[in-house]
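The chain contents come next:
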Amino acid sequence: MKKFAWAARGLAAASGALLVGSLVAVPAVADDPSAAATASSGGKCSSWERDVSSAVVDYSGSDLFETVFRSTTDRWGRAFLNDSRGPGVWINLNLVPGAPTCTEDTAVSVTEEDPGLLYITLLGSDGVLYEAQCETSSAAPLTPANIATACAPGFSAIPGTPV
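Residues numbered from 1 in each chain as written. Predicted model: local features only at pLDDT ≥ 70, side-chain atom pairs only at ≥ 80, totals over all residues. Heavy atoms only, no water.

**Details of the side chain of Asp74**
Positionally, Asp74 belongs in the loop between strand S2 (67–73) and strand S3 (79–83). Side chain to side chain, Asp74 and Arg78 meet in a polar contact 2.6 Å long. (Helix = DSSP H or I, 4+ residues; strand = E, 2+ residues; numbered from the N terminus. Polar contact = N/O pair within 3.5 Å; in protein donor to acceptor, adjacent residues only side chain to side chain.)

**Digging into the sheet that holds strand S4 (residues 90–92)**
Taken together, the four strands give an open sheet; going across it, the order is S1-S2-S3-S4, and neighbouring strands pair in antiparallel fashion. The open sheet terminates on both sides in strands that have one partner only, identified here as strand S1 (52–57) and S4. The average undirected angle you get between the axes of adjacent strands in this sheet is 20 degrees. In the sheet, S2 pairs with S3 via five bridges, with the strands oriented antiparallel. Note that in S3 the partner of Ser71 across the bridge is Leu81. (Pairing = 2+ DSSP bridges. Axes fitted to C-alpha atoms, helices over the stretch in contact; angles between N-to-C directions.)

**As for the sheet that holds strand S5 (residues 103–110)**
What the four strands build is an open sheet, ordered S5-S6-S7-S8; its pairing is antiparallel. Lying at the two open borders of the sheet, with one neighbouring strand each, are S5 and strand S8 (156–157). Sheet topology places strand S7 (residues 129–135) next to S8; two bridges connect them, and they run antiparallel. Along S8, the bridge assignment pairs Tyr130 with Ala157.

**Some details on the state of the cysteines**
Summed over the entire model, instances satisfying the criterion amount to one disulfide. Each sulfur in the disulfide pair Cys134 and Cys151 lies 1.9 Å from the other. One disulfide, between Cys134 and Cys151, carries an S-S torsion of 100 degrees and so falls in the right-handed class. With Cys134 in strand S7 and Cys151 in the loop between helix H3 (147–150) and S8, the pair connects residues that are 17 residues apart, well separated along the chain. (Disulfide = S-S within 2.5 Å.)

**Structural notes on unusual backbone geometry**
The amide bond that connects Ala152 to the next residue, Pro153, takes the cis arrangement and shows omega of 5 degrees. Relative to the elements of secondary structure, Pro153 occurs in the loop between H3 and S8.

**Section: the pattern of salt bridges**
Summed over the entire model, instances satisfying the criterion amount to two salt bridges. The closest approach of N and O atoms between Asp74 and Arg78, which form a salt bridge, is 2.6 Å. Between Asp83 and Arg85 there is a salt bridge whose closest N-O contact spans 2.5 Å. Note on accessibility: Asp83 and Arg85 belong to one class, buried. (Salt bridge = Lys/Arg side-chain N within 4 Å of Asp/Glu carboxyl O. Buried < 20%, exposed > 50% of the residue type's maximum accessible area, 1.4 Å probe, protein only.)

**Examining the confidence of the model for the protein chain**
Per-residue confidence for the protein chain averages 74 on the pLDDT scale, and 63% of its residues sit at or above 70. Contacts for the low-pLDDT stretch residues 11–43, under 50 throughout, to residues beyond four places or in other chains number twelve contacts. (pLDDT = per-residue confidence, 0-100. Contact = heavy atoms within 4.5 Å.)

**Side note on the environment of Gly86**
Mapped onto the secondary structure, Gly86 falls in the loop between S3 and S4. For Gly86, a relative accessible area of 10% corresponds to the buried category. Along the chain, Gly86 and Pro141 lie 55 residues apart, while their C-alpha atoms are 5.6 Å from each other.

Structure below.
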């Protein structure tokens, strides 16, 4: 019985030390986002922030009447786009050439003309803004299969980004 009691105390002490160590380490990592990204993902991209943006376009007299475009990021630094004409379909924007591999923020806007243009802006973890213009004139929604063509030639860096 004494052996089991000793093992239980040893396990409790080790668990307590591990808990205290992780509680102490978290604030230090949280102060430095680049350290947090490296620590939490083994050097891969990760983001503590998640972002959502949307734009509504009303092409009166068109098949694109009241289309909503939504963009978002996840905690792994990936950016996604949803076209309301394709409910439930979220497109990984890394399918578009030139997209940053680690995205911190996202924004979308759209023109009211027909054919319309969707502007997708991504803030890379390097502090550079990247923008793509996508044609939205088709009645078909943007999908993973057609996003690269609709947004050709792809994302390009916006010169002189002040971030």
